[in-house]
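What follows is each chain in one-letter form.
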Amino acid sequence: MNRKILLIGGGGHCKSVLDSLLELNEFAEIGIVDKKEYIGSIVMGIPVIGCDEDLLTLFNSGYKYAFVTVGSIGNPFLRIKLFNLLIEVGYEIPFIIDSSAKVSNDTQIEQGVFIGKQSIVNAGALIQKGAIINSGSIIEHDCQIGAFSHIAPGAVLGGGVFIGENAHIGSNATVKQQVHIGSNSVIGMGSVVLKDIQDSMLAYGNPCKEVRKF
Ligand SMILES: CC(=O)SCCNC(=O)CCNC(=O)[C@H](O)C(C)(C)COP(=O)(O)OP(=O)(O)OC[C@H]1O[C@@H](n2cnc3c(N)ncnc32)[C@H](O)[C@@H]1OP(=O)(O)O
């Protein structure tokens, strides 16, 4: 086990991912990349060893794996930019599943996906690249979660729910089985979503209503 991984972004979401990663113990060395002014600081015992401009040098020094740990609430574009930069340099991007999550073997989990503590991903689900399945969320059978979408803590998606790309499903929201949520849409915390939501919509409430277009 001499694999070395970089976490890109040293904020709050990094702490969640790091906590899972330290327990999994699959990498010999972990380093964090953040803004230049944070180099030398420590996050949960792990040092910030470089900034974005150092990604090629760090790759050549033996860090072959990297993972985007910048969080997002409704705007994943920095996550997407960093993800693409990592691919361009040649990093391998794994998925990271906390040891307490329950993920069916009959699922497809793409690179860059984080599945947090106590979450459930049931059979037939597809989780596309860069998505965040946050603590305690439930992704029922046959759901599809689009690339770079974030299912926030405690959200519940019934069977066969479809979430487009770059969407945000707020904490503790519940989405009825078979409902389709469009790309780039944000569903507010605690919403009860009974009907499809179009692309690029802010929607919230019980019952969840489309409030405005982005
Ligand atoms: C690990 C982590 O921490 S992950 C983070 C998880 N966090 C989330 O999921 C947060 C998601 N964000 C939300 O739910 C936000 O409230 C949003 C995006 C829905 C709305 O945010 P904003 O546009 O800033 O709305 P703002 O707070 O100004 O509220 C506007 C109105 O909507 C109402 N409102 C806001 N959110 C909700 C909601 N979830 N449900 C019902 N009503 C809401 C407010 O009460 C307010 O009503 P008013 O105009 O009658 O006073």
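As a reminder, the structure under discussion sits directly above these lines.
Small disclaimer: the values here were computed from a predicted structure and weren't measured. (Residues numbered from 1 in each chain as written. Predicted model: local features only at pLDDT ≥ 70, side-chain atom pairs only at ≥ 80, totals over all residues.)

## Some remarks on the overall build of the protein
Alright, step 1. A count of helices and strands for the protein gives three helices and 24 strands.
Alright, step 2. For 214 residues, the compact-globule estimate of 2.2 N^0.38 gives 17 Å, and the C-alpha radius of gyration of the protein, at 17 Å, lies within 12% of that figure.
Alright, step 3. Counting only C-alpha atoms, the protein reaches 50 × 35 × 30 Å along its principal axes.
Alright, step 4. Among the 214 residues that make up the protein, the fraction classed as buried is 42%.
Alright, step 5. Counting only contacts in the protein whose residues sit at least 6 apart along the sequence, the fraction spanning at least 24 positions is 26%. (Helix = DSSP H or I, 4+ residues; strand = E, 2+ residues; numbered from the N terminus. Rg over C-alpha atoms; globule rule 2.2 N^0.38 Å. Buried ≥ 20, exposed ≤ 12 C-beta atoms within 10 Å, placed from the backbone. Contact = placed C-beta atoms within 7 Å.)

## A word on the site of the ligand
Alright, step 1. Around the ligand sit 13 residues, and of these Ala152, Gly170, Gly188, Met189 and Tyr204 come closest.
Alright, step 2. Residues that form the shell around the ligand fall into these classes: six nonpolar, seven polar and no charged. (Near = placed C-beta within 6 Å. Nonpolar A, V, L, I, M, F, W, Y, C, P; charged D, E, K, R; others polar.)

## Quick look at the pairing of strand 24 (residues 209–213)
Alright, step 1. Counted residue by residue, strand 24 has zero buried out of five residues, so it is predominantly exposed.
Alright, step 2. Pairing of strand 23 (residues 201–204) with strand 24, which is carried by four bridges, proceeds in the antiparallel orientation. Looking across to strand 24, one finds that Ala203 is bridged to Glu210.
Alright, step 3. As consecutive antiparallel partners, strand 23 and strand 24 are separated by four residues, and within that stretch Gly205 has a phi angle of approximately 105°, a positive value. (Pairing = 2+ DSSP bridges.)

## As for the sheet that holds strand 19 (residues 174–175)
Alright, step 1. Strand order in the open sheet formed by six strands is 7-10-13-16-19-22, and the pairing between neighbours is parallel. At either end of the open sheet lies a strand with only one pairing partner, and these are strand 7 (102–103) and strand 22 (192–193).
Alright, step 2. Across two bridges, strand 7 lies against strand 10 (residues 120–121) in parallel orientation. Each residue of the ladder has a partner; that of Val103, found in strand 10, is Val121.

## Notes on helix 1 (residues 12–24)
Alright, step 1. Over its 13 residues, helix 1 extends 19 Å from the first C-alpha to the last, a length consistent with the 18 Å expected when each residue adds 1.5 Å.
Alright, step 2. Taken as a whole, helix 1 has its buried residues at His13, Cys14, Ser16, Val17, Leu18 and Leu21.
Alright, step 3. One or two residues past the end of helix 1 sits Asn25, with phi positive at roughly 55°. (Expected span 1.5 Å × (residues − 1).)

## Focus on the pairing of strand 1 (residues 4–8)
Consecutive side chains of a regular strand alternate in pointing toward one face of the sheet and then the other.
Alright, step 1. Most of strand 1 sits out of view: four of its five residues are buried.
Alright, step 2. As defined by bridge partners, strand 1 adjoins strand 2 (residues 29–33) across five bridges and the pair is classed as parallel. Across the sheet, residue Lys4 finds its bridge partner in strand 2, namely Glu29.
Alright, step 3. Judged from the four bridges that link them, strand 1 and strand 5 (residues 65–68) form a sheet pairing that is parallel. Bridging from a neighbouring strand, Ile8 pairs with Val68 of strand 5.

## Details of the sheet that holds strand 5
Backbone hydrogen bonds hold the strands of a sheet together, and the pairing may be parallel or antiparallel.
Alright, step 1. Taking strand neighbours across the sheet as the criterion, the five strands line up as 3-4-2-1-5 in an open arrangement whose pairing is mixed. Looking at which strands have only one partner, the edges of the open sheet turn out to be strand 3 (42–43) and strand 5.

## Thoughts on helix 3 (residues 77–89)
Alright, step 1. In this model helix 3 runs 19 Å from its N-terminal to its C-terminal C-alpha over 13 residues, within 8% of the 18 Å that 1.5 Å per residue would give.
Alright, step 2. Those residues of helix 3 that sit buried are Arg79, Leu82, Phe83 and Leu86. Along helix 3, the residues classed as buried sweep out an arc of 105° about the axis, all on the same side. Turned more than 90 degrees from where helix 3 packs its buried face, Phe77, Asn84 and Glu88 sit exposed.
Alright, step 3. Where helix 3 is buried, its residues touch strand 1 and strand 5. (Arc of directions from axis to C-beta.)

## Quick notes on the environment of Ser137
Alright, step 1. Secondary-structure assignment places Ser137 in the loop between strand 12 (132–133) and strand 13 (138–139).
Alright, step 2. By the C-beta count within 10 Å, which is 26 here, Ser137 ends up buried.
Alright, step 3. Between the C-alpha atoms of Ser137 and Ile32, which are 105 residues apart in sequence, the distance is 26 Å.
Alright, step 4. Aside from chain neighbours lying at most four places away, what touches Ser137 is Ser119, Ile151, Pro153, Gly154 and Ala155.

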